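For reference, the chains in residue letters:
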Amino acid sequence: MTAPSPSPGRRPAELAGRTALVTGAAGGIGAACVLRLAAAGARVRALDRDAAALAELAKSAQGAGASVETVVLDLGDLDAAEHVAGGADILVNNAGVQLVRPIEDFPPDAFHTILTVMLEAPFRLLRGALPHMYAQGWGRVVNISSVHGLRASAYKSAYVAAKHGLEGLSKTAALEGARHGVTSNCVSPGYVRTPLIERQLSDQADAHSLPAERVVTDVLLAGQALKRLIEPEEVAEAVAYLCGPHAGAVTGATLTMDGGWTAR
């Protein structure tokens with residue numbers, strides 16, 4: 001089955017005057033979110049540690065008639081992350097790291113890094129962004145979670161732990177932010193066609209003793225009814241909806257885009 005081919009086209013400027021911060025913005029879901037939010041009129045800060053890829057993203061945005069501010073930052077610098085979130089009207093927590101290993105072989109330093117980037121950094125970004133959102137009585141927080149925030153898979157202890165934690169953090173932010181006009185939601189996709197997925201194919205092949213070409217069909221999509229990878233642009237459309245004017249009553253929710261994985 002083939003995916004739809006989303007096209008930016010001409011978008012209503014639903015987010016004109018808003019400032020959006022997107023982490024993990026240099027590629028995949030993050031880059032798609034940057035371009036989609038910019039197309040909706042937002043001023044976008046694209047944050048990533050990959051300066052070269054951010055520069056390419058800025059060129060793509062310029063070619064589409066949008067202006068994107070790039071911020072080169074490693075989210076391991078938690079103080080800097082909190083600071084850079086100040087003044088954001090929209091926060092999209094997207095940055096992610098993956099390592100596939102059995103628990104007994106999982107390096108403790110890698111576990112710590114994954115939890116730092118994928119759970120503690122979103123907490124610090126929230127700390128930086130919420131005062132401005134509360135003061136103006138409006139804000140949107142979208143956390144890019146995963147089906148692994150709802151279901152576990154073997155060999156992904158750190159990633160699953162971080163995503164389960166992110167789901168809980170998002171709900172807590174929703175409860176606290178409601179009286180201030182701030183919504184907080186998760187978008188939880190299954191396997192998306194991103195560099196993160198491509199990089200883990202060899203790890204999964206080793207873990208399951210399978211040829212790499214069989215990992216997608218026999219492992220990644222084994223529990224998914226829809227037998228194709230999700231496209232980053234599809235996730236970006238969900239993010240744009242949650243940030244837009246028609247989703248003001250949607251908060252504390254998880255929008256699952258998993259091709260039917262959790263329907264079983």
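Worth saying up front: this structure is predicted, and the values here are computed from it rather than measured.

Trainee: Go over the overall build of the protein, please, and point to the residues and values.
Mentor: Within the protein, the secondary structure is distributed over eight helices and seven strands. Since a compact globule built from 264 residues should have a radius of gyration of about 18 Å, the 18 Å found for the protein is in line with a globular shape. Burial analysis of the protein (264 residues in total) assigns 50% to the buried set. In the protein, the proportion of contacts linking residues at least 24 apart, taken out of those at least 6 apart, comes to 74%. Carbon and sulfur atoms provide 54% of the accessible area of the protein, an area that totals close to 11700 Å².

Trainee: Give a detailed account of the packing of helix 1 (residues 28-39) against helix 2 (residues 51-63), specifying residues and quantitative values.
Mentor: Running from amino to carboxyl end, helix 1 crosses helix 2 at an angle of 30 degrees, the nearest separation of the two axes being 10 Å. In terms of their interaxial angle, helix 1 and helix 2 are classed as roughly parallel. The two elements helix 1 and helix 2 meet at a crossing, and its hand is right-handed. Here A31, V34 and L35 of helix 1 lie close against helix 2, whose contacting residues are L57, S60 and A61.

Trainee: Explain the pairing of strand 3 (residues 68-72) to me, and be specific about the residues and the numbers.
Mentor: Note that strand 2 (residues 43-48) and strand 3 share five bridges and pair parallel. Across the sheet, residue A46 finds its bridge partner in strand 3, namely T70. In this region the chain leaves strand 2, passes through helix 2 and returns to the parallel neighbour strand 3; the handedness of that crossover is right-handed.

Trainee: Tell me about the pattern of salt bridges, residues and numbers included.
Mentor: Scanning the model with the defined rule gives nine salt bridges in all. Here E234 and R228 are joined by a salt bridge, their closest N and O atoms 3.0 Å apart. As far as the burial class goes, E234 and R228 line up, both buried. Through salt bridges that share partners, D79, E82, R124 and R127 make up one connected network.

Trainee: A description of the sheet that holds strand 5 (residues 139-144) should follow, citing residues and the corresponding values.
Mentor: What links the strands of a sheet is backbone hydrogen bonding, and the strands pair in either a parallel or an antiparallel sense. Strand order across the open sheet formed by seven strands is 3-2-1-4-5-6-7, with parallel pairing between neighbours. For this open sheet the edge positions go to strand 3 and strand 7 (254-257), each flanked by a neighbour on one side alone. On average, each strand axis in the sheet is inclined to that of its neighbour by 15 degrees, with strand direction left out of account. In this sheet, strand 7 lies alongside strand 6 (residues 182-189) in parallel orientation, the contact comprising four bridges. Of the residues in strand 7, the one forming a bridge with S188 is T256. Together, strand 1 (19-23), strand 4 (90-93), strand 5 and strand 6 form the strand contacts of helix 4 (residues 108-136), whose direction differs from that of strand 4 by roughly 170 degrees. On top of the sheet, helix 8 (residues 232-243) reaches strand 4, strand 5, strand 6 and strand 7; it is set at about 165 degrees to strand 6, its chief contact.

Calculation rules
Residues numbered from 1 in each chain as written. Predicted model: local features only at pLDDT ≥ 70, side-chain atom pairs only at ≥ 80, totals over all residues. Heavy atoms only, no water. Helix = DSSP H or I, 4+ residues; strand = E, 2+ residues; numbered from the N terminus. Rg over C-alpha atoms; globule rule 2.2 N^0.38 Å. Buried < 20%, exposed > 50% of the residue type's maximum accessible area, 1.4 Å probe, protein only. Contact = heavy atoms within 4.5 Å. Areas by Shrake-Rupley, 256 points an atom, 1.4 Å probe, with all protein chains shown as cover. Axes fitted to C-alpha atoms, helices over the stretch in contact; angles between N-to-C directions. Parallel < 35°, antiparallel > 145°, perpendicular 65-115°, else oblique. Left-handed = near helix turned anticlockwise from the far one by under 90°. Pairing = 2+ DSSP bridges. Right-handed = clockwise from strand over helix to strand, strands pointing away. Salt bridge = Lys/Arg side-chain N within 4 Å of Asp/Glu carboxyl O.

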